[in-house]
Amino acid sequence: MTDFALLTAADIPLMQGLAQRVTAARPELISAGASYGELAWVWGQGCTLHRATWPRRLWFAGTELVAWAWVFIPRQVRRNDGSVKTVTGASLSYQVHPDHLELIDELIEWYDGVAEGLERTALPTDAEEHALKRWAAHGYAADTAALDDWTQLNQRDLTELEQPLLPVGFRFRTADEAAPEAAVQAHVDAWAPSAYTVQSYAAVRQTAAYRGDLHVLVEAPDGTMAASTIMWLDEANKTVEFEPVGTHPGYRRLGLAKAMMLHGMQLARAAGAIHATVVCLGAPVHPMPRAFYLGLGFRELSRDTPLIKGEN
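Because the structure is predicted, anything quoted here is derived from the model rather than measured.

Our next topic: empty space enclosed by the protein. On inspection of all chains with the given rule, the structure shows two cavities of 30 Å³ or more. Thr23, Ile30, Ser35, Thr239 and Thr277 are, among the 15 residues lining the largest cavity, the residues nearest its centre. Residue assignment for the lining of the largest cavity shows that the elements contributing at least two residues are α2 (36–50), β9 (151–157), β12 (225–234) and β13 (239–247). Considering every element that reaches the lining of the largest cavity, the biggest residue donor is β13, with three residues. Broken down by class, the residue content of the lining of the largest cavity amounts to seven nonpolar, six polar and two charged. Here the lining of the largest cavity spans two domains, and each of domain 1 (10–147 + 305–309) and domain 2 (155–195 + 207–303) adds at least three residues to it. Approximately 60 Å³ is the volume found for the second largest cavity. Together, Trp41, Ala183, His187, Tyr196, Tyr201, His215, Ser228, Thr229, Ile230 and Pro244 line the second largest cavity. Among the elements that make up the lining of the second largest cavity, the one with the highest residue count is β12 (three residues). Residues belonging to the lining of the second largest cavity are distributed by class as follows: six nonpolar, four polar and no charged.

A word on the sheet that holds β13. Strands sit in the order β10-β11-β12-β13-β14-β9-β15 across an open sheet of seven strands; the sheet is mixed. A single partner strand is all that each edge strand has here, and the edge strands are β10 (171–174) and β15 (299–303). The mean angle between the axes of side-by-side strands here comes to 30 degrees, regardless of whether they run parallel or antiparallel. One ladder, built from seven bridges, connects β12 with β13; its direction is antiparallel. By the bridge assignment, Thr229 is partnered in β13 with Val245.

Relative to the helices and strands, Glu128 resides in the loop between β7 (120–122) and α4 (129–137). Buried and without a salt bridge, Glu128 has Arg26 as its closest oppositely charged side chain, separated by 9.0 Å. Residues contacting Glu128, with those up to four places away along its chain left out, are Leu29 and Tyr94.

Here the protein chain is partitioned into domain 1 (10–147 + 305–309) and domain 2 (155–195 + 207–303). Distance between the C-alpha centres of domain 1 and domain 2: 25 Å. Listed by partner, the interface residues are 26 residues for domain 1 and 21 residues for domain 2. In this structure, the connection of domain 1 to domain 2 is made through zero salt bridges.

Our next topic: the nonpolar core. Counting residues in each nonpolar core, the largest one holds 39 residues, and the members touching the most others are Met15, Trp68, Trp70 and Trp232. Those elements giving two or more residues to this core turn out to be α1 (11–25), α2, β3 (64–72), α5 (180–191), α6 (198–206) and β12. With seven residues, the single largest contributor to this core is α2. Both domain 1 (10–147 + 305–309) and domain 2 (155–195 + 207–303) contribute no fewer than three residues apiece to this core. Membership of the second largest hydrophobic core comes to 28 residues, among which are Leu158, Ala220, Ala276 and Cys280.

Under the local residue numbering, the UniProt record ascribes the feature "domain: N-acetyltransferase" (unreviewed entry) to residues 170–312. Secondary structure across residues 170–312 divides into 31% helix and 30% strand, with the first and last C-alpha atoms of the span separated by 54 Å.

Glycine aside, the phi torsion of most residues is negative, and most peptide linkages are trans. Residue Pro193 is bonded to the preceding Ala192 through a cis peptide linkage, with omega at -5 degrees. With respect to the element layout, Pro193 can be found in the loop between α5 and α6. Glu243 connects to Pro244 through a cis peptide bond whose omega is 0 degrees. Phi is positive for Lys238, close to 55 degrees, though the residue is something other than glycine. What makes Lys238 partly exposed here is its relative accessible area of 44%. For Arg253, which is not glycine, the phi dihedral falls at a positive 65 degrees.

Basis of the calculations
- Residues numbered from 1 in each chain as written.
- Predicted model: local features only at pLDDT ≥ 70, side-chain atom pairs only at ≥ 80, totals over all residues.
- Heavy atoms only, no water.
- 1 Å grid on protein atoms, 1.4 Å probe; cavity = no way out; pocket = protein on both sides within 12 Å on 5 of 7 lines; lining within 4 Å.
- Points joined across faces, edges and corners; volume = space filled by probe spheres on them.
- Helix = DSSP H or I, 4+ residues; strand = E, 2+ residues; numbered from the N terminus.
- Nonpolar A, V, L, I, M, F, W, Y, C, P; charged D, E, K, R; others polar.
- Domains from an automatic or database assignment.
- Pairing = 2+ DSSP bridges.
- Axes fitted to C-alpha atoms, helices over the stretch in contact; angles between N-to-C directions.
- Buried < 20%, exposed > 50% of the residue type's maximum accessible area, 1.4 Å probe, protein only.
- Lys, Arg positive; Asp, Glu negative; His and termini not counted.
- Salt bridge = Lys/Arg side-chain N within 4 Å of Asp/Glu carboxyl O.
- Contact = heavy atoms within 4.5 Å.
- Core = buried A, V, L, I, M, F, W, Y, C linked by side-chain atoms within 4.5 Å.
- UniProt positions renumbered as here; feature names shortened; annotations may be inferred.

What follows is the structure, given as structure tokens:
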């Protein structure tokens, strides 16, 4: 196995900085796992339990980060319902600045070394023409098992926004106003079964990109936090990213998510954002997420291209 270092909290701002520079130059090259907000979210919600299974490598040009690779190797995920999910293969998030595409082969070779003997997956975007050719040259092919689970990155501007309308008795809250336990429960209810905990949330809050005033919840008349989303403001690009977005199953089809997103976009615009992004499932077998965001004025910017390589 190739030597590696484990991902640290100090790496995340560096990786986010690269995400900001790629967003400014070629936003369609940002994959679901390499965006400004996703980096903070994935690190925060999983670092306490899984950091020991997160090898990473960073590539610099002088003092500037120009590429990174973050590997997720086999692990067990214990969820709030008592179930245990065992991950047996390796997966990769990565980013290469478009001015340094010569690094893609070295990145792939490093990944193959770290994950030697494991089934390996990767998620370049469909806009990465050079990278897709290089992945194929290294033996990676379309992941047929993921054909129905690919995601797409969507974007819209914030110039014209509808007024958010909540059902009678519901109200907007922020995480700064709600107890941590309530914010965590909102996420767990929407994404059950989940491994998210108060400890996970504390790590999310410690990331430099997190803002409690941009973490929006919808409170039901009975006090339940019925929907929630975290917005990640990229001040350099004046862009806000929604990640995650979820609604309690007992409160769906009431228009809560639409109202929450519109309210969030108004907050983001007031904070200086001019664009919003969000990732969703894009395959035809998942028509509702895509239709929901298109109905909110979002349009597809890029989509992931799931690749896989066998155990060799």
